[in-house]
Amino acid sequence: MTMPLMKPPRKNPVLRTQQMNLPPWARGRVALGMTAAAAEGRFELQVCQDCQAVQYPPREACHRCLSARLKWRAQGGEGTLLAQTTLHHSNDLFFRERLPWRLALVQLDAGPTLIVHLHDEVQQAGQRVRVGARLDRAGQAVLIGFPWEGTEHMADDRMLREMTCDPKFRKVLVTDGKTAVGQAVVKALVKAGADIVWVGHAEPWKKLPGLDDITALKAVTLVPLDLSNERSVTELAGEIGGKVDIVVNTAEVHRTFGIGARRGTDAARAEMEINYFGLLRLAQAFGPALRGRAADGVTHATAWVNLLSIFALSNFPAHGTFSASKAAALSLAQCLRAEMRPAGIRVVNVFPGPVDDDWNQNLPPPKLAPAALASAVVAALKDGVEDVYPGDVAQEWLERWRDNPKVLERELAAGGSQ
Ligand SMILES: [Zn+2]
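A quick note: this is a predicted structure, and the numbers were derived from the prediction, not measured.

K.L.:
Help me understand the overall build of the chain, please; the structure alone is not making it clear to me.
P.N.:
Scanning the chain for helices and strands turns up 12 helices and 15 strands. Computed over C-alpha atoms, the radius of gyration of the chain comes to 22 Å, within 12% of the 22 Å expected from 2.2 N^0.38 for 418 residues, which places it in the range of a compact globule. For the chain, the spread of C-alpha atoms along the three principal axes comes to 65 × 55 × 30 Å. Counting only residues that meet the buried cut, the chain has 51% of its 418 residues in that class.

K.L.:
Before we go on, may I ask you to explain the packing of aromatic side chains in this structure?
P.N.:
Aromatic rings in a pair are described by how distant their centres are and how their planes are angled relative to each other. Counted according to the given criterion, the structure contains nine aromatic pairs. Geometrically, the ring pair formed by phenylalanine 95 and tryptophan 101 is edge-to-face, given 5.2 Å between the ring centres and 70 degrees between the ring planes. There is no split in this pair, since phenylalanine 95 and tryptophan 101 are both buried. On the basis of an interplanar angle of 10 degrees and a centroid distance of 4.8 Å, the ring pair of phenylalanine 351 and tyrosine 389 is categorised as stacked. Highlighted residues: phenylalanine 351 in the loop between β14 (346-350) and α10 (370-383) and tyrosine 389 in the loop between β15 (387-388) and α11 (392-403), separated in sequence by 38 residues. Neither residue differs from the other here; phenylalanine 351 and tyrosine 389 are each classed as buried. Through a chain of ring-to-ring contacts, three or more aromatic side chains come together here, namely Phe311, Phe316, Phe322 and Trp397. Geometry around tryptophan 148 places arginine 130 over its ring, the cationic atom sitting 3.8 Å from the centre.

K.L.:
Help me out: how do you make sense of the coordination of the zinc ion in this one?
P.N.:
Bound to the zinc ion are the protein donor atoms Cys48 (SG), Cys51 (SG), Cys62 (SG) and Cys65 (SG), situated 2.3 Å from the metal. For the zinc ion, the four donor atoms are set out with angles of 105 to 114 degrees between them, so the coordination reads as tetrahedral. The sequence pattern describing where the donors of the zinc ion fall on their chain is C-x2-C-x10-C-x2-C. Separated by 17 residues along the polypeptide, cysteine 48 in strand β1 (residues 44-48) and cysteine 65 in the loop between β2 (54-55) and β3 (70-74) bring together distant segments of the chain. Overall, the relative accessible area of 1% leaves cysteine 48 in the buried class. You can call cysteine 65 partly exposed: its relative accessible area is 35%.

K.L.:
Please clarify how the environment of leucine 189 should be interpreted in this entry.
P.N.:
Looking at the element boundaries, leucine 189 is found in helix α4 (residues 180-191). Discounting residues that sit within four places of it in the chain, leucine 189 has contacts with Pro167, Val172, Val174, Ala194, Val197, Val248, Val378 and Leu381.

K.L.:
Is there a simple way to think about a nonpolar patch on the surface in this case?
P.N.:
A contiguous nonpolar patch, built from Leu82, Leu105 and Ile115 and spanning about 260 Å² of accessible area, is present on the exposed surface. Looking at where isoleucine 115 falls in the secondary structure, it is placed in strand β6 (residues 113-118).

K.L.:
Honestly, the sheet that holds β1 in this entry has me stumped. Any pointers?
P.N.:
Sheet strands pair by backbone hydrogen bonding; their relative direction is either parallel or antiparallel. The three strands lie next to each other as β2-β1-β3, forming an open sheet whose pairing is antiparallel. What marks the edges here is a single partner per strand, and that holds for β2 and β3.

K.L.:
What's the story with the sheet that holds strand β5 (residues 101-108) in this structure? I'm lost.
P.N.:
With mixed pairing, the five strands of this closed barrel are ordered in space as β4-β5-β6-β8-β7. In this sheet, neighbouring strand axes are inclined to one another by 45 degrees on average, regardless of whether the strands run parallel or antiparallel. Here five bridges tie β5 to β6, and the two strands are oriented antiparallel to one another. Bridge pairing links valine 106 to leucine 114 in β6.

K.L.:
How should I be thinking about the packing of helix α6 (residues 230-240) against helix α8 (residues 277-292) in this particular structure?
P.N.:
Between two packed helices, the angle of one axis relative to the other and the distance separating the axes together describe the packing. Where α6 contacts α8, the two axes come as close as 9 Å, and the packing angle between them is 25 degrees. Relative to α8, the element α6 lies roughly parallel. The crossing of α6 and α8 is right-handed. Facing α6, whose interface residues are Glu230, Val233, Thr234, Leu236, Ala237 and Ile240, α8 presents Arg281, Leu282, Ala285 and Phe286. Broken down by class, the residue content of the contact of α6 with α8 amounts to seven nonpolar, one polar and two charged.

K.L.:
What is the right way to read the packing of helix α7 (residues 266-275) against α8 from this model?
P.N.:
The interhelical angle for the contact between α7 and α8, taken along N-to-C directions, is 20 degrees, at an axis separation of 3 Å. Considering their axes alone, α7 and α8 lie roughly parallel with respect to each other. Residues Met272, Glu273, Ile274 and Asn275 of α7 touch α8, and the partners they reach there are Phe277, Gly278, Leu279 and Arg281. Residues of the contact of α7 with α8, tallied by class, amount to four nonpolar, two polar and two charged.

The rules behind these values
Residues numbered from 1 in each chain as written. Predicted model: local features only at pLDDT ≥ 70, side-chain atom pairs only at ≥ 80, totals over all residues. Heavy atoms only, no water. Helix = DSSP H or I, 4+ residues; strand = E, 2+ residues; numbered from the N terminus. Rg over C-alpha atoms; globule rule 2.2 N^0.38 Å. Buried < 20%, exposed > 50% of the residue type's maximum accessible area, 1.4 Å probe, protein only. Phe/Tyr/Trp six-rings, centres within 6.5 Å; stacked < 30°, edge-to-face > 60°. Lys NZ or Arg CZ within 6 Å of the ring centre and 35° of its normal. Donors = N, O, S within 2.8 Å, 3.2 Å for Na, K, Ca; no water. Tetrahedral: all angles 85-135°; square planar, octahedral: opposite > 155°, others 65-115°. Contact = heavy atoms within 4.5 Å. Patch = residues over 30% accessible without salt bridge, like charges linked within 9 Å, V, L, I, M, F, W, Y side chains within 5 Å. Areas by Shrake-Rupley, 256 points an atom, 1.4 Å probe, with all protein chains shown as cover. Salt bridge = Lys/Arg side-chain N within 4 Å of Asp/Glu carboxyl O. Pairing = 2+ DSSP bridges. Axes fitted to C-alpha atoms, helices over the stretch in contact; angles between N-to-C directions. Parallel < 35°, antiparallel > 145°, perpendicular 65-115°, else oblique. Left-handed = near helix turned anticlockwise from the far one by under 90°. Nonpolar A, V, L, I, M, F, W, Y, C, P; charged D, E, K, R; others polar.

In structure tokens form, the structure reads like this:
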């Protein structure tokens, strides 16, 4: 049984913050398929299309029949623990700072034998385990041996806390508490055990629906934050920047115009100002402090979440300028991810389909409920994934986009559905 994590004591301000050392990150190109799947929360191995052999480690050709026709396929991960050991010494700085560390050999029911990081609830050889893939602090896929049936606090496992971005006991900034989505995210974070949730509010003097509900929560503090104003962002960063462990950027402006439906660039500028420049201001102000605290004990700074849109992948002409602003934000988020990775901070991009809010009133269902979107955000943090496509519409668009982006573009031009 995993002992529940205790809330860490207040940090001694005199102590020097420890520098982040990443786990070994070099992988061959062929192994990146496993990382690409783990980034979306899946455990995939290569499967030979000729002899059906499942193989690990990843190779250029099938280990049994030498066929080069290998496909990455999702695995259930069921297996049996063959042997386990506990490291008390490591030449690698990352592991040396985190000893003791458990490793094991697992035989998958599907065939291959794997070396995994082992959850503390798995003890005896012969025990059944479930293997899952997670991203480690360097952003590379690693395999973890999970207990067959975990107990209540299994997410508090010390090794797992190093791989995931669980909000429990962490201090979170949600940049916009005005919207239904922002409020749902705040509630979900509080429910997941966040220590403090700072909630940004551009116009704190305004009474808005739902705000009283979240400010009544003990963990929540309303803070003035206007992403369109550089001074507002840097002032807040000066005040709380050194304490934030997770940033969740829910601020967005959403108008429903294409190009021809409106004269002038005001609406498009307003969208860019928050959806693109807002993210840039936020990243410049909060990024450095977050990077500096990535090795700060069990509640180290850990993640940056961007609320994007599935329209970032392919323009939805009815919401044309909004789509363009989200595409710009996606590109910037990729830059942020590259800059955050060396510090071990995960950048999570969330691509919902149309959300059930004021701006999508005219779109037909299915639409994503704000609460469902919020649970997807929290689940992504708990599992430490990088890209999330919550809801049926987002999943379907993603599939169509992967299949053929040009066909999807045509279909969207014709009104959205096929
Ligand atoms: Zn084969």
